[in-house]
Amino acid sequence: MTKVSNKKLVLGVMSGTSLDGLDLALCKFDFNEGNYSFKLVRSATIPYSKIWKNKLENAVKLSAENYFKLHAEYGRFIGIEINDFLKIYNKKPDFIGSHGHTVFHQPENGFTTQIGCGATISAITGISTVCDFRSLDVALKGQGAPLVPIGDKLLFGKSEACLNIGGIANISFTKNKRVIAYDICVANMALNYLAEKLSLPYDRDGKIAATSAVDKVVLAKLNNLKFYKKTGAKSLGKEWFDKEFKVFIDDDKRVKKLLATVTAHIAEVIAKELNRLQLKSVLITGGGAFNKYLISSISNLTNCKLVIPDSEIIAYKEAIIFGFLAYLRHRGEINSLKSVTGATKNNVGGAIYFG
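Quick caveat: nothing in here was measured; it's all calculated off a predicted structure.

Novice: Quick rundown of the packing of helix 2 (residues 64–89) against helix 3 (residues 118–125)? Include the residues and the values.
Specialist: Packing of helix 2 against helix 3 leaves a shortest axis separation of 8 Å and a crossing angle of 35 degrees. Pair helix 2 / helix 3 crosses with right-handed handedness. Where helix 2 approaches helix 3, its residues Ala72, Gly75, Arg76, Ile78, Gly79, Ile80, Ile82 and Asn83 are matched on the opposing element by Thr120, Ile121, Ile124 and Thr125. Class assignment of the residues belonging to the contact of helix 2 with helix 3 gives a composition of six nonpolar, five polar and one charged.

Novice: Explain the pairing of strand 4 (residues 95–98) residue by residue, including any values.
Specialist: Residues Phe95 and Gly97 point to one face of strand 4 and Ile96 and Ser98 to the other, with burial holding for every one of them. Pairing between strand 1 (residues 8–15) and strand 4: four bridges, direction parallel. Across the sheet, Leu11 pairs through a bridge with Ile96, a residue of strand 4. In the sheet, strand 4 pairs with strand 7 (residues 129–131) via two bridges, with the strands oriented parallel. By the bridge assignment, Gly97 is partnered in strand 7 with Val130.

Novice: Can you break down helix 12 (residues 311–331) residue by residue, with the values?
Specialist: A rise of 1.5 Å per residue sets the reference length of helix 12, with its 21 residues, at 30 Å; its end C-alpha atoms lie 30 Å apart and thus fit the reference within 8%. The largest bend along helix 12 measures about 60 degrees and falls at Lys317. Of all 21 residues in helix 12, 15 are buried, a share of seventy percent or more. Its side-chain oxygen at 3.0 Å from the backbone nitrogen of Glu312, Asp310 defines the N-terminal cap of helix 12. Just downstream of helix 12 lies Gly332, where phi reads positive at about 70 degrees.

Calculation notes
- Residues numbered from 1 in each chain as written.
- Predicted model: local features only at pLDDT ≥ 70, side-chain atom pairs only at ≥ 80, totals over all residues.
- Heavy atoms only, no water.
- Axes fitted to C-alpha atoms, helices over the stretch in contact; angles between N-to-C directions.
- Helix = DSSP H or I, 4+ residues; strand = E, 2+ residues; numbered from the N terminus.
- Left-handed = near helix turned anticlockwise from the far one by under 90°.
- Contact = heavy atoms within 4.5 Å.
- Nonpolar A, V, L, I, M, F, W, Y, C, P; charged D, E, K, R; others polar.
- Buried < 20%, exposed > 50% of the residue type's maximum accessible area, 1.4 Å probe, protein only.
- Pairing = 2+ DSSP bridges.
- Expected span 1.5 Å × (residues − 1).
- Bend = angle between axes of the 7 residues up to and from the residue.
- Polar contact = N/O pair within 3.5 Å; in protein donor to acceptor, adjacent residues only side chain to side chain.

Worth remembering: the numbers are spatial, not functional.
Given below as structure tokens:
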């Protein structure tokens with residue numbers, strides 16, 4: 001039997017619900033003496049054009065035929081961008097781990113879908129590609145999310161807890177030797193939605209929110225949403241945002257006030273969770289870590305120490321970890337935890353298209 005090498009060069013590819021762009025993280029992964037390690041070699045974010053942002057944002061409205069056309073088209077886009085990225089740095093990874101872009105996430109109905117055809121990516125790059133990381137977990141009655149916590153445990157295990165503030169904010173931590181993780185609330189998905197009404201990609205440093213008044217009535221309604229009363233494995237998606245959240249913030253005449261209100265809501269919900277868990281410290285990544293006003297607002301509501309790593313880890317941690325999930329998939333090792341997702345068993349998720 002051929003021995004599998006522990007050292008691999010992997011390209012992690014991620015597109016989050018905040019629609020900032022396509023994140024590429026080229027990493028060296030290794031397993032030695034029972035411990036996993038990584039080194040971020042190169043990274044880049046490919047900002048989405050208005051056309052691509054519109055296509056991804058409205059994919060949920062497409063017919064079945066046009067949905068699959070976009071699935072293939074977006075796979076070609078990713079494949080071409082990967083080739084350009086690798087050509088610049090003259091690198092060729094052993095394989096690619098591509099999350100794709102989530103369109104439908106309905107584990108309660110037995111499915112989750114991420115567009116960005118892995119077969120197309122593999123064909124264009126000539127590199128084996130791992131994709132569709134969530135479907136097996138959902139088939140096993142899990143939420144299919146969050147998947148990042150196993151990376152938090154194996155790569156960032158020195159932190160007491162990890163909080164990612166991306167399009168959706170989620171947390172992971174270890175309790176009684178079990179990894180626990182779940183989505184907390186929508187975050188940049190809502191903030192960027194409002195900022196775009198002001199013709200801005202996002203509220204830089206939270207400056208608009210910081211100088212605007214909070215609508216206490218709307219804040220109370222947001223804080224009282226049913227999702228926050230759920231316990232155990234739970235996850236959020238764009239459908240939930242569109243159906244349950246957006247109705248409270250769809251007012252073009254009060255955008256600045258709503259930015260302040262949603263920022264206050266995110267800060268309060270996250271701080272409440274940190275306090276409930278009695279955490280002493282938490283590592284914060286994702287685009288929200290760059291939002292100085294949001295971080296300050298959370299800090300004012302908790303005694304938990306908020307640890308902000310260097311900017312590359314903030315920006316690319318999810319892409320790094322999806323590269324790591326692909327690394328685990330190639331090794332045939334567990335990359336999705338039942339204690340996190342609520343699945344009937346731990347599983348090895350991801351479809352492989354060989355280059």
